[in-house]
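A look at the structure
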Amino acid sequence: LVFDLVNMEPNFTLKKRVVKERMFFDVENHLNYLDSFRSNLGISILDENLQTTDELAYSGQLSAELNTKNPFGFTVLFKEVHYGESFTIRVQRRMDAKNKAGIVAASPTLNTFYYQDYKVLPSQKEDWEKLEMNVFIDRSMDGHELKVYVYNPGKSPTYFDDMEILWYLPFEYEVIQPNRP
């Protein structure tokens, strides 16, 4: 047992995660990345038809508007991820009490890898909230594709802006030997 998460006394320490790549884009510069963004790292931006609006924006003049006709946005495909790597995904979402839209991380090549658990954090701008998701690549995902995107399953429009993705190198940990009699 490497990670004993049941006992109160930890038997491991995680070292600080090291960023492999940082990606930040708002709607204005997201559109500029479509042709050349990070192709040397096996990363593709898949939003040729991203619906934008100038009605609301967290920063700049535009935001992405997700609705029933265009429920997906800020789609980033990582061609190959490896065991131990991790990701932190953050995005600004316009507040709405009925809002069910959020971040998704899934594998198009592995049907069992689909996450939509994220935290809602306060934003620095009124009427907006920050969503944050942490994804850890397990052994089953080693060598597979990972797709990250925002998704609106609802009928009302939802607005997103300023997505940030931190891609971390495989984690390092140190096992602590228990002090048992």
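Our subject in this report is the structure included herewith.

1. Quick notes on unusual backbone geometry
- Despite not being glycine, Asp127 shows a phi value in the positive range, around 75 degrees.
- Tracing the backbone through its elements, the reader meets Asp127 in the loop between β10 (119-122) and β11 (128-136).
- Look at Asp127 and you get partly exposed, because its relative accessible area is 35%.
- Even without being a glycine, Asp162 presents a positive backbone phi close to 50 degrees.
- Secondary-structure assignment places Asp162 in strand β13 (residues 158-168).
- The class for Asp162 is buried, based on a relative accessible area of 10%.

2. Quick word on the packing of aromatic side chains
- The final tally for this structure, using the stated rule, is 7 aromatic pairs.
- Between Phe113 and Tyr115, the aromatic rings sit 4.7 Å apart at their centres with planes inclined by 80 degrees, giving edge-to-face as the arrangement.
- Judged by its relative accessible area of 2%, Phe113 falls in the buried class.
- Lying across the ring of Tyr58, Lys125 places its NZ or CZ 5.7 Å from the centre.
- Sitting above the plane of the Tyr83 ring, Arg139 keeps its charged end 4.2 Å from the centroid.

3. A word on the environment of Phe78
- Residue position: Phe78 is located in strand β6 (residues 72-78).
- Along the backbone, Phe78 and Leu146 are 68 residues apart, and their C-alpha atoms lie at a distance of 5.1 Å.
- The residues contacting Phe78, other than those within four sequence positions of it, are Met23, Gly42, Ile43, Phe87, His144, Glu145, Leu146, Val148, Ile165 and Trp167.

4. Re the pattern of salt bridges
- Applying the stated rule across the entire model yields 7 salt bridges.
- Between Asp127 and Arg94 there is a salt bridge, and its shortest N-O distance comes to 3.9 Å. With Asp127 in the loop between β10 and β11 and Arg94 in strand β7 (residues 86-94), this pair connects stretches of sequence that are 33 residues apart.
- In this structure Arg94 comes out as partly exposed when scored by relative accessible area, which is 24%.
- Connected through salt bridges with shared partners, the residues Arg22, Arg90, Lys119, Glu132 and Glu164 form a single ionic network.

Rules of the game
- Residues numbered from 1 in each chain as written.
- Predicted model: local features only at pLDDT ≥ 70, side-chain atom pairs only at ≥ 80, totals over all residues.
- Heavy atoms only, no water.
- Helix = DSSP H or I, 4+ residues; strand = E, 2+ residues; numbered from the N terminus.
- Buried < 20%, exposed > 50% of the residue type's maximum accessible area, 1.4 Å probe, protein only.
- Phe/Tyr/Trp six-rings, centres within 6.5 Å; stacked < 30°, edge-to-face > 60°.
- Lys NZ or Arg CZ within 6 Å of the ring centre and 35° of its normal.
- Contact = heavy atoms within 4.5 Å.
- Salt bridge = Lys/Arg side-chain N within 4 Å of Asp/Glu carboxyl O.

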